[in-house]
Amino acid sequence: MDFTFNDDQLAFREAVSRFLMTEAAPEMLREVWETDIGRSPDLRHKIAEQGLTALSVPEDCGGLGMDDVAWSLMTQELGYYAIPDSLADTAYVAAGLITALPDSIATRSEWLGRIADGSIRIAVGHPVNPLVADAQPSDLLLLSHDDEVHAVPRSLVDVIANPSIDLSRRLGHVVWEPSSATRVATGDTGRALWAAVLERGVLSVAGQLLGLAQRMLDLSVDYAAQRKQFGKAIGSFQAVKHHLADVATRIEFAKPVLYRAAHAVAHGEDDAPVRVSHAKLACGEAAWLAARHGIQVHGAMGYTWEVDLQMFMKRAWALDASWGDRGFHKSRVAGFVLGDAAALGPGRTFEE
Amino acid sequence: MDLAYTPKQRVFREEVRAWLADNVSRQPLASYDTKEGFEQHREWERRLFDHRLSMVMWPEALGGRGCDLIEWLIFEEEYYASGAPLRVNQNGQLLLGPTLMEFGTEAQKQRFLPRMAASEDMWAQGWSEPNAGSDMAAITSKAIRDGDHYVLNGQKTWSTRAIYADWLFGLFRSDPASSRHHGLSFVLVPLDTPGVTIRPIRALNGKEAFAEIFFDDVRVPVDNRIGDEGQGWHVAMATAGFERGLLLRSPGRFQHTARRLVALYQAHRETADRDPTIRDTVCESWMGAEAYALAAYHTVGRLAKGARIGDEASTNKIVWSELDLKMHETAMRILGARGELLAEAPDAGDAASWLEGFLFAQAGPIYAGTNEIQRNIIAERMLGLPKS
């Protein structure tokens, strides 16, 4: 029993953090927000150079074969730097689905190779999301038609842009026609693939929300330590301290929930959906509290376009309802907790 | 990350589960806040000790069985799942015990720990004073050196179950010229020493659950001091860390309450659902208890790799105390008009045990350092915000 990360995993996270700190500074984020495409080909290129697009891809397809547990650290960093890129959709969520496709799909290894080398951007259209993130700049879209999975080239779909309050989220209403040419899975196989995609998509967003919460807390602590009123730093006042202590506490107790969920998905545990929904709720609530208390601590500056906090708040508000809103996830938790078969109580945290 | 228990851990769980199934009485003991109940609980503690289950983490030579922290969590899970009695000597076993392990001399450990494990000695805490509550460094009770003794004068208060206890551990000012957290010493006092007067205080539940203690020229051997003279604050802060942290409130306790709450909701579903927020709160309770357990395993894993429990102990205390309060508030809302009934009320049924827990849950955000103090600690030590 060891519910911790090993040194390699922690060193990997540290390296990713250092890389993104340099390459994804808030000024760059602002610049990308103002562009039409909302994406930086330069940043994506650097991400691929670092090998970050290859994390999930199996080793025999040119990747590193990392699992969901390692991704639970990676997604926190993506959230912390609010990177204006749908990297996780391609390199984690889509990579997971494509890896699970049967070898009979001829293009499977080609797609995986292109994910690994960073030359493809894949958008994932899971039915839980009404719109498809990054449909516009994608090369390939994974779309659902009932239980079927379709891998559709960008040229075969129309995308109607739906601007979001988070300007780095590029949502599209996708108009397309399913055909046998694009179908890669059907029936039980398709259903299982979409179910697995859902858990990874939720985990990905949960990790990003937790990273966003930490970033908003850090920004708020910095601001409260330097902003002076009544002759002293506002961070010395208890009312301000307690706002931020509550955020720190919420974050501390969301982390292990995320890690437990990641382990459940990585190992195909029966209660994975409940663990994942718990993680999404815990991380989403931490992020929303960090936003609420963050803007309060920033005072009027927090309500401006100029202060960086806004970019992280907006990402948190937007991601909270993506991959299933709170009602969706609360229903999944309630179905388990209040169901007849629930193994509740002490001693059931790791085993049924 | 390896989330499988080892064969040894599984065997241990089975052993503990089986022993508890055979030994936990179906009939609950009387409240340990009464003389009768206190002695019943002491008897129970002795049975635990006889089977080396009272302090599983302590070394065998000191009355334990040398378990690691994961095995301790397993023990705690099984203990609470079995519905076994609350631990009556927790002040000694969970707060003073670890302090003695860290700061006590070999002779002090041998003298106090085995008797503590066996509940031969029951311990009370002597920290708070009438004018030193959250501001503990304002302590004025004195321990003035006189040869190989200290002479104690002053008053302590809020000392849990002190009227039934044998010993007290407390903080006294050994340097009369000192102020704040300097010049304090950590001293152990037999409560039958001449000059000690214990006056019970009735708690919210009407029972003499805590007490104030007066010291009037009480002579205590210098050997009863833990740590160096004048270093009492440092020693006490280590104890406070243990208390706020995992030891005092292991996750099994709250997971057990969460499970009982789910069962209570199921049994009263029709009436409970008239308030649409109850169902949500019941599910949140399970999530909160589960998160607390996960955080415990994460912390214990990091401890095993050489980390120390630091100021994050303060987040633990806030989380368990507020979770416990929320769960009991929810139970009261589910019970509705029956919630107010005392155990002796013929119509109380399952309600009274929740009322008892509800009352005690009110104290959670206050004892062991108020949650406001915990939030200050988090803000200043975890987040690095400036002191007020």
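Cut-offs applied
Residues numbered from 1 in each chain as written. Chains lettered and ligands numbered in written order. Predicted model: local features only at pLDDT ≥ 70, side-chain atom pairs only at ≥ 80, totals over all residues. UniProt positions renumbered as here; feature names shortened; annotations may be inferred. Helix = DSSP H or I, 4+ residues; strand = E, 2+ residues; numbered from the N terminus. Rg over C-alpha atoms; globule rule 2.2 N^0.38 Å. Buried ≥ 20, exposed ≤ 12 C-beta atoms within 10 Å, placed from the backbone. Contact = placed C-beta atoms within 7 Å. Nonpolar A, V, L, I, M, F, W, Y, C, P; charged D, E, K, R; others polar. Axes fitted to C-alpha atoms, helices over the stretch in contact; angles between N-to-C directions. Parallel < 35°, antiparallel > 145°, perpendicular 65-115°, else oblique. Left-handed = near helix turned anticlockwise from the far one by under 90°. pLDDT = per-residue confidence, 0-100. Domains from an automatic or database assignment. Pairing = 2+ DSSP bridges. Core = buried A, V, L, I, M, F, W, Y, C linked by C-beta atoms within 7 Å. Expected span 1.5 Å × (residues − 1).

Going by an unreviewed UniProt entry, chain B carries the name Acyl-CoA dehydrogenase and comes from Aromatoleum anaerobium. Recorded in UniProt under Cofactor (unreviewed entry), the annotation for chain B is "FAD".

The name given to chain A in an unreviewed UniProt entry is Acyl-CoA dehydrogenase, with Aromatoleum anaerobium as the source organism. Recorded under Sequence similarities (unreviewed entry), the UniProt text for chain A is reproduced unchanged: "Belongs to the acyl-CoA dehydrogenase family." Recorded under Cofactor (unreviewed entry), the UniProt text for chain A is reproduced unchanged: "FAD".

S.K.: Whenever I open this one, the overall build of chain B confuses me. Can you help?
M.R.: When helices and strands are tallied, chain B shows 12 helices and 8 strands. For a compact globule of 388 residues, the expected C-alpha radius of gyration is about 21 Å, and chain B comes in at 21 Å, within 12% of that figure. Each principal axis of the C-alpha atoms in chain B carries an extent, and together these give about 70 × 50 × 45 Å. Counting over 388 residues, chain B shows a buried share of 47%. Contacts in chain B between residues at least 24 apart in sequence constitute 72% of all its contacts with a sequence separation of at least 6.

S.K.: Sorry, what's going on with the overall build of chain A here?
M.R.: Secondary structure assignment for chain A yields 11 helices and 9 strands. Relative to a compact globule of 352 residues, whose C-alpha radius of gyration would be 20 Å, chain A shows 20 Å and is just as compact. For chain A, the spread of C-alpha atoms along the three principal axes comes to 70 × 50 × 35 Å. For chain A, the proportion of its 352 residues judged to be buried stands at 55%. Of the contacts formed within chain A by residues at least 6 apart in sequence, a portion of 72% connects residues at least 24 apart.

S.K.: Can you help me understand the interface of chain A and chain B in this one?
M.R.: Accessible area lost when the parts come together is the quantity often used to give the size of an interface. Facing the 39 residues of chain A at the interface are 48 residues of chain B. Listing elements by their share of the side of chain A that touches chain B, those giving two or more residues are helix 7 (187-226), helix 8 (238-266), helix 9 (272-298) and helix 11 (326-337) of chain A. Examining the composition of the side of chain A that touches chain B, we find that 13 residues originate from one element, helix 8 of chain A, more than from any other. Classifying every residue of the side of chain A that touches chain B gives 23 nonpolar, 11 polar and 5 charged.

S.K.: What's the story with the packing of helix 9 of chain A against helix 10 (residues 309-320) of chain A in this structure? I'm lost.
M.R.: The angle between the axes and the distance between the axes are what describe a pair of packed helices. All names here are of chain A. With their axes 9 Å apart at the nearest point, helix 9 and helix 10 run at an angle of 150° to one another. Judged by the inter-axis angle, helix 9 sits roughly antiparallel to helix 10. Here helix 9 and helix 10 pass one another in a crossing that is left-handed. Here helix 9 contributes Gly284, Ala287, Trp288, Ala291, Gly294, Ile295 and His298 to the contact with helix 10, which in turn contributes Leu309, Met313, Ala316, Trp317 and Asp320. Of the residues that constitute the contact of helix 9 with helix 10, the class distribution is 8 nonpolar, 3 polar and 1 charged.

S.K.: Is there a simple way to explain the confidence of the model for chain B in this structure?
M.R.: The predicted structure's coordinates, where accompanied by low pLDDT, should not be read in detail. The predicted model of chain B averages 95 in pLDDT, with 98% of residues at 70 or higher. Here the prediction assigns the complex a pTM of 0.97, and the interface score ipTM is 0.96.

S.K.: Help me out: how do you make sense of the packing of helix 7 of chain A against helix 8 of chain A in this one?
M.R.: Residue and element names in this part refer to chain A. Direction vectors running N to C along helix 7 and helix 8 enclose 160°, while the axes themselves pass 10 Å from each other. Judged by the angle between their axes, helix 7 and helix 8 are roughly antiparallel. With respect to the hand of their crossing, helix 7 and helix 8 are arranged in left-handed fashion. The segment helix 7 lies against helix 8, with Glu199, Arg200, Leu203, Ala206, Gly207, Leu210, Ala213, Gln214, Leu217, Ser220, Val221 and Ala224 engaging Val240, Leu244, Val247, Ala248, Ile251, Ala254, Lys255, Leu258, Ala261, Ala262 and Val265. When its residues are assigned to classes, the contact of helix 7 with helix 8 shows 17 nonpolar, 3 polar and 3 charged.

S.K.: Hey, could you run me through the domain arrangement of chain B in this one?
M.R.: All names here are of chain B. Considered domain by domain, chain B is made up of domain 1 (7-88), domain 2 (123-230) and domain 3 (245-382). Each of domain 1 and domain 2 has a C-alpha centre, and these two points are 29 Å apart. Each side of the interface is counted separately: domain 1 has 6 residues, and domain 2 has 7 residues. When its residues are assigned to classes, the side of domain 1 that touches domain 2 shows 2 nonpolar, 2 polar and 2 charged.

S.K.: What am I meant to see in the UniProt feature "domain: Acyl-CoA dehydrogenase/oxidase N-terminal" (unreviewed entry) in chain A here?
M.R.: Within this structure's numbering, the places UniProt gives as "domain: Acyl-CoA dehydrogenase/oxidase N-terminal" (unreviewed entry) are residues 7-118 of chain A. Measuring from the first to the last C-alpha atom of residues 7-118 of chain A gives 27 Å, for a span that is 63% helix and 0% strand.

S.K.: Before we go on, may I ask you to explain the sheet that holds strand 4 (residues 148-153) of chain A in this structure?
M.R.: Within a sheet, each strand pairs with its neighbour through backbone hydrogen bonds, oriented either parallel or antiparallel. Residues and elements named next belong to chain A. Taken together, 4 strands build an open sheet; the order of strands is 1-3-4-7 and the sheet is mixed. The outermost strands of the open sheet, each flanked by one partner alone, are strand 1 (122-125) and strand 7 (183-185). Direction aside, neighbouring strands of the sheet carry axes that sit 30° apart on average. For strand 4 and strand 7, the ladder comprises 2 bridges, and the chain directions are antiparallel. Among the inter-strand pairings, Val149 is bridged to a residue of strand 7, identified as Ala185. Its contacts with the sheet put helix 5 (residues 87-100) on strand 1 and strand 3 (140-145), and the angle it makes with strand 1 is roughly 60°. Sheet strands in contact with helix 7 are strand 1, strand 3, strand 4 and strand 7, and its direction is about 70° off that of strand 4.

S.K.: In this structure, what is going on with the nonpolar core? I would like to understand it.
M.R.: Note on soluble globular proteins: their nonpolar side chains tend to be buried together. All names here are of chain A. Ranked by internal contacts, the top residues of the largest apolar core, which has 218 residues, are Ala213 and Leu244. Among the elements that take part in this core, helix 7 stands out by supplying 18 residues, more than any other. For Ala213, the contacting residues outside a window of four places in its chain are Val247, Ile251, Ala286, Ala287 and Ala290.

S.K.: Any chance you could explain the sheet that holds strand 6 (residues 170-175) of chain A here in plain terms?
M.R.: Ordered in space as 2-6-5 (chain A), the 3 strands form an open sheet in which the pairing is antiparallel. The open sheet is flanked by strand 2 (132-133) and strand 5 (158-163) of chain A, the only strands paired with a single partner.

S.K.: Just to check I follow, could you spell out the environment of Thr53 of chain A for this structure?
M.R.: All names here are of chain A. In this structure, Thr53 sits in the loop between helix 3 (41-49) and helix 4 (68-80). Using a count of 25 C-beta atoms within 10 Å as the deciding quantity, one classes Thr53 as buried. Along the primary structure Thr53 and Leu87 are separated by 34 residues, whereas in three dimensions their C-alpha atoms are 7.1 Å apart. Thr53 has contacts with Ile47, Ala48, Leu87, Thr90, Ala91, Ile115, Ala116 and Gly118, leaving out every residue within four places of it along the chain.

S.K.: How should the UniProt feature "domain: Acyl-CoA dehydrogenase/oxidase C-terminal" (unreviewed entry) in chain A be read in this particular structure?
M.R.: UniProt annotation of "domain: Acyl-CoA dehydrogenase/oxidase C-terminal" (unreviewed entry) refers to residues 195-333 of chain A when read in the numbering used here. Spanning residues 195-333 of chain A, this segment combines 78% helix with 3% strand, and its end C-alpha atoms are found 16 Å apart.

S.K.: I keep staring at helix 8 of chain A and nothing clicks. Help me out?
M.R.: Counting along an α-helix, one turn takes 3.6 residues, and residues three or four places apart therefore face a common direction. With 29 residues, helix 8 of chain A ought to run about 42 Å at 1.5 Å a step, and its terminal C-alpha atoms sit 42 Å apart, in line with that. With its phi angle positive at about 60°, Gly268 of chain A sits one or two positions after the end of helix 8 of chain A.

S.K.: Got a minute to help me understand the environment of Ile198 of chain B in this structure?
M.R.: Residues and elements named next belong to chain B. Checked against the element boundaries, Ile198 lands in strand 6 (residues 196-201). Counting along the chain gives 159 residues from Ile198 to Gly357, while the straight-line C-alpha distance between them is 26 Å. For Ile198, the contacting residues outside a window of four places in its chain are Ala162, Ile163, Leu191, Ala211 and Ile213.

S.K.: Honestly, the pairing of strand 2 (residues 142-146) of chain B in this entry has me stumped. Any pointers?
M.R.: All names here are of chain B. Across 5 bridges, strand 2 lies against strand 3 (residues 149-160) in antiparallel orientation. Bridge pairing in strand 3 links Lys142 to Asn153. Linking strand 2 back to strand 3 in an antiparallel pair, the connection comprises 2 residues, with Gly147 at a positive phi of about 65°.

S.K.: Got a minute to help me understand the UniProt feature "domain: Acyl-CoA dehydrogenase/oxidase N-terminal" (unreviewed entry) in chain B in this structure?
M.R.: Under the UniProt annotation, the feature "domain: Acyl-CoA dehydrogenase/oxidase N-terminal" (unreviewed entry) is placed at residues 6-120 of chain B. Along residues 6-120 of chain B, the helical share is 63% and the strand share 0%, with 34 Å between the first and last C-alpha atoms.

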